[in-house]
Structure formats: structure tokens, C-alpha cells
Amino acid sequence: MPFRNRVTELLGVEIPIVQAPMGWIARAQLASAVSNAGALGIIETSSGELDAVKGEIRKMRDLTDKPFGVNIAQAFVRDPGIVDFVVGEGVKFVTTSAGSPTKYTKPLKEAGLTVFHVVPSLAGALKAIDAGVDGLVVEGGEGGGFKNPRDVATMVLLPLVASKVSVPIIAAGGMLDGPTMAAAFALGAEGIQMGTRMVSALESPVHENWKQAIVRAAETDTVFLNRSHGPGLRALRTARSEQLEQATHNVMSEFGDRANVLKLYFGGDLEAAIALSGQVAGRIDAVRPVAEVIRETAADCLALLAQLAARYPRSEAVRP
Ligand SMILES: Cc1cc2nc3c(=O)[nH]c(=O)nc-3n(C[C@H](O)[C@H](O)[C@H](O)COP(=O)(O)O)c2cc1C
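Residues numbered from 1 in each chain as written. Predicted model: local features only at pLDDT ≥ 70, side-chain atom pairs only at ≥ 80, totals over all residues. Heavy atoms only, no water.

1. So, the sheet that holds strand β4 (residues 93-97)
Move 1: Taken in spatial order, the eight strands of this open sheet run β1-β9-β8-β6-β5-β4-β3-β2, and their pairing is parallel. Both outer strands of the open sheet, β1 (17-19) and β2 (41-43), are each paired with one neighbouring strand and no more. The sheet shows a mean angle of 25° between the axes of neighbouring strands, direction not considered.
Move 2: Where strand β6 (residues 135-139) lies against strand β8 (residues 169-172), four bridges are found, and the strand directions are parallel. Bridge pairing links Glu139 to Ala172 in β8. (Pairing = 2+ DSSP bridges. Helix = DSSP H or I, 4+ residues; strand = E, 2+ residues; numbered from the N terminus. Axes fitted to C-alpha atoms, helices over the stretch in contact; angles between N-to-C directions.)

Right, here's the structure in full:
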């Protein structure tokens, strides 16, 4: 267990890599592949389809005997019954996001669950600590999905938060391989979360058109939408999203109703809605199986940390 740290202990995993929650995508097919590879699969609730989610949690129990978690995306699941729902399903690890950490942390912790809250800022991190979370997912603005309109890159946000809190941190935004994992550890994280990398993985259920658009994308091929209204969104650059980048109205109305979202996700029509994806799309050059990505990331991270330690041995002369 070379990675043994607070994240592996709290999550019960061998490798401290978490697959991001993503509406309709983070379901049993993808999450079980991640958990079976020794990392942590997460089931989404942001689709709002709690009956389907319940079915996916049951499927997880058939597909893996390894730990997995559930995300409560508060802006999309407004029913407070969600706490009883996850507790009733026997879930042990929850990430809460897109809302106040004061809302669900206490009841979830009272029910014995481990709770990490997703934060985009230092103020958000301190608020979550006050609410009593076990850890933080610190998410930089280069990541895909809904974002704080005042976005801060992982390189600035992660070391800042790490210098001010003592709970374990999972870094999100731009994570995809050994070097990014090693960098996150150097900046204070004990685990990483991958979103866009998982959208484009072999076991991801999204249409091949979206996966190939990620593979083709350059690092400049995402747009940041809705900065003046919020929530912000980071998405792949398409003709439609590029137009929305200039919009002065709240683009949430253009996000797409369920039918259009599904037309994009599973029908492959990239203009039907908004294809949430991060800047790291520019570093993804193939659709690969989850187990390969996780094994390679873990091995390369450890090799890189060892190389760096050997190349830059601690010298007493450098620092008093
Ligand atoms: C398609 C998509 C959907 C997402 N949906 C959610 C969600 O439901 N809940 C959540 O907490 N984060 C969501 N996110 C953000 C991810 O959890 C993750 O933190 C982010 O993708 C990390 O950055 P990366 O894309 O650079 O890996 C989503 C991201 C993407 C790309």
C-alpha cells in the first residue's frame, strides 16, 4: 500500500484517485470499473433521477465488492430526504457540492458517513471546516462542470487551502496522470479527482462523439460561460458554446432540458446542449480503459516522486 495516507484510510481504497461525480455519466458502468481498479468510483445525483440512481447503487453491489461513494450535488437535489436516501442505501462516503456545507454535513456525520465538501475558494474551505467536514475536494477553475464564477486555478487554490487547513484534501481540476498527481501531492493534496479524463474513458457511457471531441481538443478549446451571472460553467468549445461565451444573459436557460442533454450525452449531438469539460481535454489524446489510466497514474506518480527525491536530495546547507 505505497500510498497509505488519510485519504486511502478514510475512503478504504488502495489508490487515492477518485472518479468525479457527473450527471448521468457517473453511474455503475464507470464507477464500478474505477472501484475495481483500486480507486474510488462515485455515483452521481445531479441528474435528479433518484430512482435510477438507486438502481445504479444496487448495480454497484453486483459489479464490485470494493468501496464506492455518492455525490450530493445540492443545487440539483433540493429534497432534504436525500440524506435518508444515501444512509438507507448503506453508502459510507459522500461528497457534497454546489451548495452550503452547513446543510447536510451534520446529519450525514451523525449517521456515521465520511463527508468531503467540494470547495472553489479559501473562504468556502474555511466554511466547510466550520461545518465539521472530514475533508475537502479543492477544485480549480480549469476543471470541467459548474464552477464558481470567480474561478481560481488549482496551482493557486490548492497550496493556499492546504496552508490554512489540517483536514485531508483531494485535488480536482486538471488531474489526469502521474505528473499531475505528484504535483498535487507536492501542493498539499493526499488524493486527486478526475472528471474530464473519466468522461473520455472507455467505460464512460457518453457517446463516442464527445469522447473524440475531448481527444481532439487543444488546451485552449474550452470556454468559461456565465461569469457575470453564476453559476459559471466550463465546457468544450463548440459553435454554440463559443457564441454563449459572449452572451450577457444567464446561459443556464440554454443548458438544455433533459431531452437535449441526453441528445448530447448519448446521441452525440454536441450542439444539443453544453458539453461540460475541463482544460485538461488538451492533454487527453486517447480513449483508454479506466484500469489502465489508474494503474499508470499511480505508478508514474510514485516513480516521479522517487526521481525528484533522488535528484534533489535534502541539503542541510540550503535551509537553516
Ligand atoms: C460532465 C461533467 C459533469 C460534472 N458534474 C458534477 C456533479 O454532478 N457534481 C460535482 O460535484 N461535480 C461535477 N463536475 C465536476 C467534477 O466533479 C470535477 O471536479 C472536475 O471535472 C475536475 O476537473 P477536470 O475536468 O479537469 O478533471 C462535473 C464535471 C464534468 C466534466
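2. Brief notes about the sheet that holds strand β7 (residues 145-147)
Move 1: Spatially, β7-β11-β10 is the arrangement adopted by the three strands of the open sheet, whose pairing is antiparallel. The two strands at the open ends of the sheet, each matched to only one other strand, are β7 and β10 (222-225). Looking at each pair of strands side by side, their axes are set apart by 25° on average, direction ignored.
Move 2: Direction of pairing for β10 relative to strand β11 (residues 232-236): antiparallel, over a ladder of four bridges. Pairing of Phe224 across the sheet is with Arg234, part of β11.

3. A look at the packing of helix α2 (residues 28-36) against helix α3 (residues 50-63)
Move 1: Where α2 meets α3, the closest approach of the two axes is 9 Å, and the angle between their N-to-C directions is 35°. Crossing handedness for the pair α2 and α3: right-handed. Here α2 contributes Ala28, Ala31, Ser32, Ser35 and Asn36 to the contact with α3, which in turn contributes Glu56, Lys59, Met60 and Leu63.
Move 2: A per-class count over the contact of α2 with α3 returns four nonpolar, three polar and two charged. (Left-handed = near helix turned anticlockwise from the far one by under 90°. Contact = heavy atoms within 4.5 Å. Nonpolar A, V, L, I, M, F, W, Y, C, P; charged D, E, K, R; others polar.)

4. Considerations on the pairing of β4
Move 1: In terms of residue burial, β4 counts as a mostly covered element, since five of its five residues are buried.
Move 2: In this sheet, β4 lies alongside strand β3 (residues 68-73) in parallel orientation, the contact comprising five bridges. Following the sheet pairing, Ala73 is matched in β4 by Ser97.
Move 3: Considered for its hand, the β-α-β crossover made up of β3, helix α4 (residues 82-88) and β4 is right-handed.
Move 4: The pairing of β4 with strand β5 (residues 114-119) spans four bridges and is classified as parallel. Counted as the bridge partner of Val94 is Val115 from β5.
Move 5: Tracing the backbone out of β4, into helix α5 (residues 105-110) and back to the parallel element β5 gives a crossover that is right-handed. (Buried < 20%, exposed > 50% of the residue type's maximum accessible area, 1.4 Å probe, protein only. Right-handed = clockwise from strand over helix to strand, strands pointing away.)

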